[in-house]
Amino acid sequence: MAFYHCSIKTPKSRDGKFVPGQKHADYINREGEYKNYDDKTEIAAAHAQYINRQNDFAKENFVKKHGQCVYKANRLPKWADGSASKFFLAADIHGRRNSLSYREFEIALQEELTLEQNIEIVNTILNKYKYFQDKYYALAIHDKQATLDSGKKQIHCHIMVSDKIIDDREHTNERPAEQFFKTYCPVNTENGGAKVDRHFSKDSFGKNVTAFRKFYCDVTNAVFKKYGIDKSIDYRSLKMQREEALRQGDYVKAEILNREPEKYLGPIVSGDKNNPVVQNLLECRKLRSERENLIQAANEQEKILKDAQFISKINKSVNEADNIIRKDYSIKSAQIVTLKNSILFLTNQVTEARKNVLTYDAAKKLAKYNLMNKDEKTLMNKLYTLQKQERELQFEIKNTENTTNELSAKLETIQKCISGLKVQLRPVNKKFNETYWKSKITKNANWLLKENAPFRDKLELLQQNLDEQTAKFRELTVANIKNLHKEAYSAKEVKSVLDNLIINVKNSIAYKEQEYKSLLSRVVSPARAREMALDVFTNHQFKELRQTKKRNSERKSSSGKRCTADFN
């Protein structure tokens, strides 16, 4: 699951004291000495060693709990000798008292991406976001197991940055450490230190943090798209995301986003699985997942119903057009002939256009096929070919008076091959039944339907034209019949016309009844929908309550009957 987290921290501990930059650099890099880990002051002081996973931070127990450092990089002056610890120690020693010796950016990376792809996200941020262009920094990527979900990884990046600007003089001739961290002097720039960037100062902090979070999300989503992963992250609140979904008409997404945000528990609380707060959070996550699945399932069912109605409407238009042009009114008007030819032409166009239109089921099958690897596609292609041969043979056997043993044996061989291929494809089907792949198939199917929308629009327009031409043809023929001389039709001919009209009406009524029954079987009543929702929300306790109530009613009814019998 794509995960969003982005924070910008300053070197202050919880009691308001400044944490030395050198210690913080050793902490994130797992370097330097690390003692008294349970002391919160020491945790903050050793942050530099922590991010680089060095010395005590590299020990097995610590790495198992807090994850390991899987990647390091930096941009530092030559005098730092590539050591973040040395650079930020100089910031502590030579910087102004109570100044910020560093600023830390902590961003979540994505478990769906490889380490190289996540590094691409970090490098893009460092190379393209303006703030980092003229700064010295050190970064470390940590990979750890998620606290509340043992099956997921929590890969993230720490970037320690000095707010001191690398100006033209620094590029030409690097200042020594003691001068670089001196206070900037606008009058005598030669003797003063490097200028401090106020990009994240108190006055502009909120606006620029929001801008950075947006940039981080845009970069991550671009990498997802580049590697064909149908995921995204968003820095905005659930409320803002829901409002946008409603504006775009994505009501399913809007309903999924219609929930309260999770409360952040922190590493200490979330580490205790027996804590009632943690258990409540995990239960809420489970219920939220079930709710999302129900919303998605309802949306899929709605799409299937819409497809059925759409196809039914197209078939009805084609059938009506076929029926009306087959009727012989003994009228040879040029206008009627023209309309008849137009209807025939449109009918053929509708039939051809329908071949290019994807239904939701077809889109899901195509999406599933597109997500298969090369070997899985080869097996699926063989299965499709054999199934086609099976259908052709069954048709041939059905329409042959004397079925030969050769055809039956061939059909039996093909069916055995089909069964064998289905067995080989069981792992594939099992994989695509997992929640992650189901979500991926649904999103890919929706994308295919979006791409296919122009073909569907074209078919709807053709069907509308066909309906209009069919109605005109019917009106014109009826008008011509009324204008004929009374003696032009015999009673037998009139009866034939009326019989045809009655048959058409009956067929139409029967078709409507069948369509109504088909749709009725798929519709869930509001009362039933509420019951289903309550069952899921209460983990089926509401269902048990209804059953208990029903049994009590039956007992009362049976006891009442016995009392009446005894009285009689």
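Residues numbered from 1 in each chain as written. Predicted model: local features only at pLDDT ≥ 70, side-chain atom pairs only at ≥ 80, totals over all residues. Heavy atoms only, no water.

### Examining the packing of helix H6 (residues 115–128) against helix H9 (residues 205–226)
Contact geometry for H6 and H9: axes closest at 10 Å, N-to-C directions at 140°. Taken as axis vectors, H6 and H9 run oblique relative to one another. Seen from above, H6 lies across H9 with right-handed handedness. Along its contact with H6, which presents Gln 117, Glu 120, Ile 121, Thr 124, Ile 125 and Lys 128, the element H9 presents Phe 212, Phe 215, Tyr 216, Val 219, Thr 220, Val 223 and Lys 226. In terms of residue class, the contact of H6 with H9 is built from 7 nonpolar, 3 polar and 3 charged. (Axes fitted to C-alpha atoms, helices over the stretch in contact; angles between N-to-C directions. Helix = DSSP H or I, 4+ residues; strand = E, 2+ residues; numbered from the N terminus. Parallel < 35°, antiparallel > 145°, perpendicular 65-115°, else oblique. Left-handed = near helix turned anticlockwise from the far one by under 90°. Contact = heavy atoms within 4.5 Å. Nonpolar A, V, L, I, M, F, W, Y, C, P; charged D, E, K, R; others polar.)

### Side note on the packing of helix H16 (residues 374–398) against helix H17 (residues 405–424)
Direction vectors running N to C along H16 and H17 enclose 155°, while the axes themselves pass 9 Å from each other. Taken together, the axes of H16 and H17 are roughly antiparallel relative to one another. For the crossing formed where H16 meets H17, the hand is left-handed. Here Leu 379, Lys 382, Leu 383, Leu 386, Gln 387, Gln 389, Glu 390, Leu 393, Gln 394, Glu 396 and Ile 397 of H16 come into contact with H17, specifically with Leu 407, Ser 408, Lys 410, Leu 411, Ile 414, Gln 415, Cys 417, Ile 418, Leu 421, Lys 422 and Gln 424. Among the residues forming the contact of H16 with H17, the class breakdown is 11 nonpolar, 6 polar and 5 charged.

### Considering the pattern of salt bridges
Under the definition given, this model contains 16 salt bridges. A salt bridge links Glu 255 to Arg 291, with the nearest nitrogen and oxygen atoms 3.1 Å apart. Of the two residues, Glu 255 is situated in helix H11 (residues 251–256) and Arg 291 in helix H13 (residues 276–326); the sequence distance between them amounts to 36 residues. Relative accessible area serves as the criterion here: at 34%, Glu 255 is assigned to the partly exposed category. What emerges from the salt-bridge pattern is a single network uniting Asp 134, Lys 135 and Asp 197. (Salt bridge = Lys/Arg side-chain N within 4 Å of Asp/Glu carboxyl O. Buried < 20%, exposed > 50% of the residue type's maximum accessible area, 1.4 Å probe, protein only.)

### Topic: the packing of aromatic side chains
One pass over the full model with this rule turns up 20 aromatic pairs. Ring centres of Phe 88 and Tyr 102 lie 6.2 Å apart, and the angle between their planes is 80°; on these two criteria the pair is classed as edge-to-face. With Phe 88 in helix H5 (residues 84–94) and Tyr 102 in the loop between H5 and strand E3 (103–108), this residue pair connects regions lying 14 residues apart in the sequence. For Phe 88, a relative accessible area of 0% gives the class buried. Measuring from centroid to centroid gives 5.6 Å for Phe 105 and Phe 200, while their planes differ by 70°, and the two rings are edge-to-face. Placement of Phe 105 in strand E3 and of Phe 200 in the loop between helix H8 (177–180) and H9 is noted, with a sequence separation of 95 residues between them. An identical accessibility class is assigned to Phe 105 and Phe 200; each is buried. (Phe/Tyr/Trp six-rings, centres within 6.5 Å; stacked < 30°, edge-to-face > 60°.)

### Section: the nonpolar core
By size, the foremost hydrophobic cluster in this structure holds 32 residues, and its most contacted members are Phe 105, Ile 125, Phe 132, Ile 159 and Phe 212. Only strand E1 (6–9), E3, H6, strand E4 (137–145), strand E5 (153–161) and H9 provide two or more residues apiece to this core. Broken down by element, this core gets its largest block of residues, 7 residues, from H9. In this structure Phe 212 touches Cys 6, Ile 8, Phe 105, Ile 107, Ile 125, Tyr 129 and Phe 132, once residues within four positions along its chain are discounted. Within the second largest apolar cluster, 24 residues are counted, among which are Leu 371, Met 372, Ile 414 and Ile 418. (Core = buried A, V, L, I, M, F, W, Y, C linked by side-chain atoms within 4.5 Å.)

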